[in-house]
Number of protein chains: 2
Amino acid sequence: MTGNKSRGHNFIQALLLLLTCLQKCQSSPHLHNSEPILGVFKEISKYSDIAQQIIDLAVYGKAQNRSYERLALFTDTIGNRVSGSKNLDLAIKYMYNALTKDGLVNVHLEPVKIPHWVRGKESAVMLQPRNHTLSILGLGSSVGTPPGGIEAEVLVVESFEELKKKASEAKGKIVVYNQPFVSYGETVAYRASGASEAAKVGAVASLIRSVTPFSINSPHTGWQWYQPGVAQIPTACITIEDAQMMGRMAHRGQRIVVRLTMGAQTLPDVDSFNTVAEIRGSKHPEQVVLLSGHLDSWDVGQGAMDDGGGAVISWEALSIVKDLGLRPKRTLRAVLWSAEEPGGVGAAQYFQQHKANISNFDLVMESDLGTFRPLGLQFTGSDKARAIMKEVMKLLAPINVTSLERNGEGTDINMWMQAGVPGASLHTADQRYFWFHHSDGDTMSVQNPEEMNLCSAVWAVVAYVVADLEEMLPR
Amino acid sequence: MTGNKSRGHNFIQALLLLLTCLQKCQSSPHLHNSEPILGVFKEISKYSDIAQQIIDLAVYGKAQNRSYERLALFTDTIGNRVSGSKNLDLAIKYMYNALTKDGLVNVHLEPVKIPHWVRGKESAVMLQPRNHTLSILGLGSSVGTPPGGIEAEVLVVESFEELKKKASEAKGKIVVYNQPFVSYGETVAYRASGASEAAKVGAVASLIRSVTPFSINSPHTGWQWYQPGVAQIPTACITIEDAQMMGRMAHRGQRIVVRLTMGAQTLPDVDSFNTVAEIRGSKHPEQVVLLSGHLDSWDVGQGAMDDGGGAVISWEALSIVKDLGLRPKRTLRAVLWSAEEPGGVGAAQYFQQHKANISNFDLVMESDLGTFRPLGLQFTGSDKARAIMKEVMKLLAPINVTSLERNGEGTDINMWMQAGVPGASLHTADQRYFWFHHSDGDTMSVQNPEEMNLCSAVWAVVAYVVADLEEMLPR
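All values reported here derive from a predicted model rather than from experimental measurement.

Student: What should I look at first to understand the interface of chain A and chain B in this one?
Tutor: The figure often quoted for interface size is the accessible area lost as the parts come together. Listed as interface residues are 31 residues of chain A and, on the opposing side, 31 residues of chain B. Contact between chain A and chain B buries roughly 2300 Å² in total, counting both sides, with carbon and sulfur atoms accounting for 55%. Our enumeration of links across chain A and chain B arrives at four salt bridges. Across the salt bridge formed by Arg248(B) and Asp76(A), the nearest N and O atoms sit 2.8 Å from each other. Our count for the chain A to chain B interface comes out at eight residue pairs in polar contact (both at pLDDT 80 or more). If you list the elements that add at least two residues to the side of chain A that touches chain B, you get helix H4 (66–78), helix H8 (240–251) and helix H13 (433–436) of chain A. Of all the elements, H4(A) adds the most residues to the side of chain A that touches chain B, at seven residues. Taken together, the residues of the side of chain A that touches chain B break down into twelve nonpolar, twelve polar and seven charged.

Spelled out as structure tokens, the structure:
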């Protein structure tokens, strides 16, 4: 997953979502009129045999470990796949071929334009109070430094508030944010906006403590957003360890000097594709349950967890349905997004390209918080749709994955949900997700075949049953 | 802590220890004659007030957080301190000055000769089946490669047994050990002997999966030992992630090619020092309770955990005793070892220099497994000594650190224990110790002030009380 685009943007998104919910509450028939919904409950209960078949195939049968092996082969073969890179092109070709070979239908690529930011060579050295090489990763969209780097004294702060208080000390300095980790959602603001906030008070560069609760001196990259009208200064993440050390030095009154050198640059947008494959619906082929994950990753690690796993289980769910000879009334569509990390760029264009057909989108699903041990789904939709989804989740009782939380989310499906389409994201036991997120630790070593089997089963049962019900989910 | 020197050496050490224990069992008066020991128990119980004073000072009083702050200032100022480096010289000078300034007595440096291995520039790239940079750390004492590096096909094995089976395939290859982590004690054999075992079957280099149960793509270095008469080939550690990936590739039958470049070399031994400070005994100043940790570290991270913490609490224990105006009957001697990591080199010379006085060594203590939340001590000694130590540990009931396990150990005190001197090592809740060990993750960020307060209290109470008892610990 990416970071949030900007705090302003997020706020507007949240507001839209709230308005949509309020509209829904006012306009949708409430559950008091329970007869129609009892009919759906009865309909859903008849899927218990099919759900068990899917589970048997995915968890114990010939599809056992297949999603793990597909993901391992994919990420071992291609490696990481940052937006705009040759590797992302290779990944799209790889998946196009794999989906075709798997016998899925309507396999095709939908053109999008995506950002092309390149890291270049980068390094940072603390020169005072002693010589020490800092582990860094430049942040996506950062400008570079002059070729000889920027050498400047450091101002360490623990919050935006502290930066404001010390604004008069920031001019000409490198601002180091040593903010504590509270939660990803809250703390990522420092990565997203730290450079512009530092530039506003005259800093020449900013270094952000990596947004993670745990580190083995591991830097975590991610996209950042320059604010309009503010000077663009180079920015990179540093490790928890180095941020804390500079924090201690500053508290002791020591003068810290760092030289930051970054070859980063933003090249013109490039052509890319969202990758699509389907099982066509038998009765309402124009109506769609969409399953998705993103193919791009950061340019570190293998991009196994973020988000190779989400992409692969979206493919795997279709394979499972196909292998069982099932064909739901509506179309199952796997979409493997391009350029999620720069802010859902491929998905935003997909929304523009397909929103005219919004009434045909039954449910949009995204997995982008890891394919670890599944707990259930996070769901956004009307009360009636939620009641139906709760019933669908009961079909997953044999593997104990029946939870239906609120707040379905995902950079790549948010626009659909804001426009009223029910949305679901995979909810997993992801305590360690942010330990590896956007770092060299995002590799196959964090994935587990048994856990991926369960994720694939959840994804396939939910998508198939929803796509096969007599009626689309109520909005 | 270092790894074990070699498997042969270890076996001999274990045998010696066993023989010593057997001797002890036969020669020492057993506990049946309980009168004298009951006297000691009574004597120990009278120390409960002093123990409480020590605890109050270390945990709640003016020494609160002092060991953490001393360690932070030391490691932030000096950084890491590998054997033979200028940084280790600086560290010794720093500590000499700090111990003197603290008002301890007989602060002095005892000359030793220590290894001088330098890493030089190093890199490893997987060239086939795709291009991928491997995170490596050359292993201590490894030879370098030719300047252009060694480019060779890889043979992946998961054990020495598999290497033997595949011996005919190893010639001219780089052997990659992808051994699972069982325990440090068991698995470190691959780091210690992997190069020589690979060389025996004709390999040109070896890469060892880092000896750790957890990784964020983090390589862990350590010393390795070439076997006499076997070709010396370059050797480095790689990450769990890369070892597992090459394992998967090999299982798929893919050809893997790696280029390894290492500028490592062993220079002539250099002069160094064990650093000593004391509180002189009031009645038997020639008799000694020795507290120790090592000042050298690996050339990564800060060497905070391995073993800055052990060195600093050994200093801190003396400070606490001094601050309380206490003076035990016997001398408390803090020894900060030089060159533990290459195999207890400084400590071995100390043993040679002082073994003539072995009868005056009451108890040797070492902390080299982390200064985390203390659980108690691991102790090696006669049954009678153990019974006395158990009673001493009861004085630590106020902070719930009363456990006395068997198998006191520590590279730097083993020789004394093998020669019959009672030995104790600090036992802490160190579940994550090997996550950071010998990696860039060994920094102040893994240390906690409250935990270090407790460690200091344990160290001070045990050392003071044992040094102040009427009789030395029975052997």
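Student: Got a minute to help me understand the UniProt feature "domain: Peptidase M28" (unreviewed entry) in chain A in this structure?
Tutor: Here the UniProt-annotated "domain: Peptidase M28" (unreviewed entry) positions come out as residues 274–461 of chain A. Counted over residues 274–461 of chain A, helix gives 34% and strand 26%. Its end C-alpha atoms are 24 Å apart.

Student: What is the right way to read the relation of the copies chain A and chain B from this model?
Tutor: To go from the first copy of the chain to the second, apply a rotation about an axis and then a shift along the same axis. Mapping chain A onto chain B leaves a residual RMSD of 0.0 Å; the transformation is a rotation of 180° accompanied by 0.0 Å of translation along its axis. The superposition operator between the copies reduces to a two-fold rotation axis. Within chain A, Ile216(A) has its C-alpha nearest the rotation axis, a separation of 3.2 Å. Counting the interface residues of chain A, we find that 100% of their copies in chain B are interface residues as well, pointing to one common contact surface.

Student: Help me understand the pattern of salt bridges, please; the structure alone is not making it clear to me.
Tutor: Side-chain pairing between opposite charges can occur once the charged atoms of the two side chains come close. Per the stated rule, a full pass over the model turns up 46 salt bridges over all chains. Measuring nitrogen to oxygen at the nearest pair gives 3.2 Å for the salt bridge that ties Arg255(A) to Glu153(A). Taken together, the positions of Arg255(A) in the loop between H8 and strand S9 (257–262) and Glu153(A) in strand S5 (residues 150–157) put the pair 102 residues apart, joining distant regions of the chain. Judged by its relative accessible area of 43%, Arg255(A) falls in the partly exposed class. The residue Asp102(B) makes a salt bridge to Arg70(B) at a minimum N-O spacing of 3.3 Å. Pair noted here: Asp102(B) is in the loop between helix H5 (86–101) and strand S1 (105–118) and Arg70(B) is in helix H4 (residues 66–78), with a separation of 32 residues, a long-range link. Here Asp102(B) and Arg70(B) have matching classes, each one buried. When salt bridges that share partners are traced, they join Lys62(A), Arg66(A), Arg70(A), Asp102(A), Glu316(A), Lys322(A) and Asp323(A) into one network.

Student: Hey, could you run me through the domain arrangement of chain A in this one?
Tutor: Residue and element names in this part refer to chain A. Here chain A is partitioned into domain 1 (28–117 + 268–468) and domain 2 (120–263). A separation of 36 Å is found between the C-alpha centroids of domain 1 and domain 2. Each partner contributes residues to the interface: domain 1 has 14 residues there, and domain 2 has 18 residues. When domain 1 packs against domain 2, close to 1300 Å² is buried across both sides, 72% of that on carbon and sulfur atoms. Three residues, Trp 117, Phe 434 and Trp 435, lead the burial of domain 1 against domain 2; their summed loss comes to 47% of the area buried on that side. Our count for the domain 1 to domain 2 interface comes out at zero salt bridges. Remark: the boundary between domain 1 and domain 2 carries four residue pairs in polar contact (both at pLDDT 80 or more). The dominant element in the side of domain 1 that touches domain 2, judged by the number of residues it contributes, is H13, at three residues. The residue makeup of the side of domain 1 that touches domain 2, split by class, is eight nonpolar, four polar and two charged.

Student: I tried to follow the sheet that holds strand S13 (residues 361–366) of chain A on my own but got confused; where do I start?
Tutor: Strands belonging to one sheet form pairs held by backbone hydrogen bonds; the direction of such a pair is parallel or antiparallel. All names here are of chain A. Strand order in the open sheet made by the eight strands is S1-S10-S12-S11-S13-S16-S14-S15, with mixed pairing throughout. The open sheet has two edge strands, strand S1 (105–118) and strand S15 (403–406), and neither has a second partner. Strand-to-strand, the axes of this sheet are offset by a mean angle of 25°, without reference to chain direction. In this sheet, S15 lies alongside strand S14 (residues 374–380) in parallel orientation, the contact comprising four bridges. Of the residues in S15, the one forming a bridge with Leu 377 is Leu 404. Of the strands in this sheet, strand S10 (265–279), strand S11 (284–294), strand S12 (330–337) and strand S16 (423–428) are in contact with helix H9 (residues 304–323), which crosses S11 at around 145°. Along the sheet face, helix H10 (residues 345–354) touches S1, S10, S11, S12 and S13 and points at about 130° away from the line of S1.

Student: Looking at this model, I keep getting lost on the environment of Gln254(A). Mind explaining?
Tutor: Residue and element names in this part refer to chain A. Relative to the helices and strands, Gln 254 resides in the loop between H8 and S9. Accessibility expressed as a relative area gives 28% for Gln 254, which makes it partly exposed. Along the primary structure Gln 254 and Gly 423 are separated by 169 residues, whereas in three dimensions their C-alpha atoms are 52 Å apart. Every residue in contact with Gln 254, bar those within four places of it in the chain, is listed here: Pro 129 and Met 249.

Student: What exactly am I supposed to notice about the environment of Ser159(B) here?
Tutor: Residue and element names in this part refer to chain B. Here Ser 159 is to be found in the loop between strand S5 (150–157) and helix H6 (160–165). You can call Ser 159 buried: its relative accessible area is 17%. As for Ser 159 and Gln 179, which are separated by 20 residues in sequence, their C-alpha atoms are 5.6 Å apart. Among the polar contacts listed, one links the side chain of Ser 159 to the backbone nitrogen of Glu 162, at a separation of 2.9 Å.

What counts, and at which threshold
- Residues numbered from 1 in each chain as written.
- Chains lettered and ligands numbered in written order.
- Predicted model: local features only at pLDDT ≥ 70, side-chain atom pairs only at ≥ 80, totals over all residues.
- Heavy atoms only, no water.
- Contact = heavy atoms within 4.5 Å.
- Buried area = accessible area lost by both parts, 1.4 Å probe.
- Salt bridge = Lys/Arg side-chain N within 4 Å of Asp/Glu carboxyl O.
- Polar contact = N/O pair within 3.5 Å; in protein donor to acceptor, adjacent residues only side chain to side chain.
- Helix = DSSP H or I, 4+ residues; strand = E, 2+ residues; numbered from the N terminus.
- Nonpolar A, V, L, I, M, F, W, Y, C, P; charged D, E, K, R; others polar.
- UniProt positions renumbered as here; feature names shortened; annotations may be inferred.
- Least-squares fit on C-alpha atoms with pLDDT ≥ 70 in both.
- Buried < 20%, exposed > 50% of the residue type's maximum accessible area, 1.4 Å probe, protein only.
- Domains from an automatic or database assignment.
- Pairing = 2+ DSSP bridges.
- Axes fitted to C-alpha atoms, helices over the stretch in contact; angles between N-to-C directions.

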